[in-house]
Amino acid sequence: MAESIRLNGILTALKSDCFVLIRSRTSWLLIVIPVVAAILKMGMVRLQGIGTQVMSSINSNVEASVTGYGHMVDGLSTGISVAYLLLLGFSACIFAIDNERGITRHSIVKSMSRSEIVFAKYLILCLMAFVSILITILCTWLTAGLFWELGPIIEDGYQIIGVDEIKKEIFLGLKLALLPIPACLGFGLVFSVLARSAIQAVSLAIGAGLLLDFFKSLFGRLTYFIFSSFQPALNDHSYLKDVQRIVSGYSDVLIDDRIHLLNLWVPIPEAIILLIISLIIINRRSL
């Protein structure tokens, strides 16, 4: 039977984890790397665009007018994809490494239950994910504003999509892309409480995550009952990918409202289930 979870125990565990993470290089890398990935992606696109404009001006003396929202969303997709992979690895490591070093046993001696320790770590993971993604979005937005003009999509002198519509689509795409984060963290945490070492936990979690990403298309319609189907990834099925095409001026993007509905309702229940599985496992295994 699972141990009870007390508020005092959770707060004590949270204070301890926050003290360690603020002074940890790993937590700062979790914030910096997605930002760097997004900026590098946009920087490469910007350099490529400069070369294209130079060749175009030489050949036709016509300067193309391009809105930067499409490139911004592309950068966001890259940064968030990297953040998901890092969060998966970090969530797999966060309990396993403490258990490997004997810190977990010391915490239990201090009258904190196993469930309280795991639950507190899950809350810390959610907080770190929020900070990492928020900073990634802000830095990507600012960088895109420096590289390109963030204006409406205009074709042959006519406005196809206005700025308000573009921002609305981007906010919707971000919301749908970020909803699977709690489930991703819960997925990694399951491996963290299962594994005997941090290296084993991270290897298994990232391996399972990549396999799920590569082979999720084979599940057919059942794909959209898996939380990872809605997150930006290498094999990207997320709505943010569609947003990138929409705000780049493509008119052939097909939107399925049923998939949007699943995107809203599938990830959070799966996150709760994965957290419960982690709590059950940690109370049944020996430390």
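Up top is the structure.
Residues numbered from 1 in each chain as written. Predicted model: local features only at pLDDT ≥ 70, side-chain atom pairs only at ≥ 80, totals over all residues. Heavy atoms only, no water.

### Quick look at the overall build of the chain
- Of the regular secondary structure elements, the chain holds 11 helices and two strands.
- Secondary structure of the chain in N-to-C order comes out as α-α-α-α-α-β-β-α-α-α-α-α-α.
- With respect to the three principal axes, the spread of C-alpha positions in the chain is 75 × 40 × 30 Å.
- Counting only residues that meet the buried cut, the chain has 46% of its 287 residues in that class.
- Of the contacts made within the chain by residues no fewer than 6 positions apart, 80% connect residues no fewer than 24 positions apart.
- A distance of 15 Å separates the average location of the 22 positive side-chain charges in the chain from that of its 20 negative side-chain charges. (Helix = DSSP H or I, 4+ residues; strand = E, 2+ residues; numbered from the N terminus. Buried < 20%, exposed > 50% of the residue type's maximum accessible area, 1.4 Å probe, protein only. Contact = heavy atoms within 4.5 Å. Lys, Arg positive; Asp, Glu negative; His and termini not counted. Charge placed at Lys NZ, Arg CZ, Asp CG, Glu CD.)

### Re a nonpolar patch on the surface
- A surface patch of nonpolar side chains, about 740 Å² in accessible area, is lined by Leu85, Leu210, Leu211, Phe214, Phe215, Leu218 and Leu234.
- Following the sequence through the fold, Leu234 ends up in the loop between helix H8 (198-215) and helix H9 (239-246).
- Here Leu234 falls in the exposed class, since its relative accessible area comes to 71%. (Patch = residues over 30% accessible without salt bridge, like charges linked within 9 Å, V, L, I, M, F, W, Y side chains within 5 Å. Areas by Shrake-Rupley, 256 points an atom, 1.4 Å probe, with all protein chains shown as cover. Salt bridge = Lys/Arg side-chain N within 4 Å of Asp/Glu carboxyl O.)

### Describing the packing of aromatic side chains
- All told, the structure shown has five aromatic pairs when counted by the stated rule.
- Summarising the aromatic geometry, the rings of Phe147 and Trp148 are spaced 5.6 Å apart at their centres and angled 90° between planes, so their arrangement reads as edge-to-face.
- Given a relative accessible area of 27%, Phe147 falls into the partly exposed group.
- When the ring of Phe187 is compared with that of Phe191, the centres are 5.2 Å apart and the planes differ by 75°; the resulting orientation is edge-to-face. Of this pair, Phe187 and Phe191 both sit in helix H7 (residues 181-194), four residues apart, which is roughly one turn of that helix.
- On the accessibility criterion, Phe187 (17% relative accessible area) is buried.
- Ring-pair connections join several aromatic residues into one group, and the members of that group are Phe187, Phe191 and Phe227. (Phe/Tyr/Trp six-rings, centres within 6.5 Å; stacked < 30°, edge-to-face > 60°.)

Remember that the coordinates give geometry; whether it matters functionally is a separate question.
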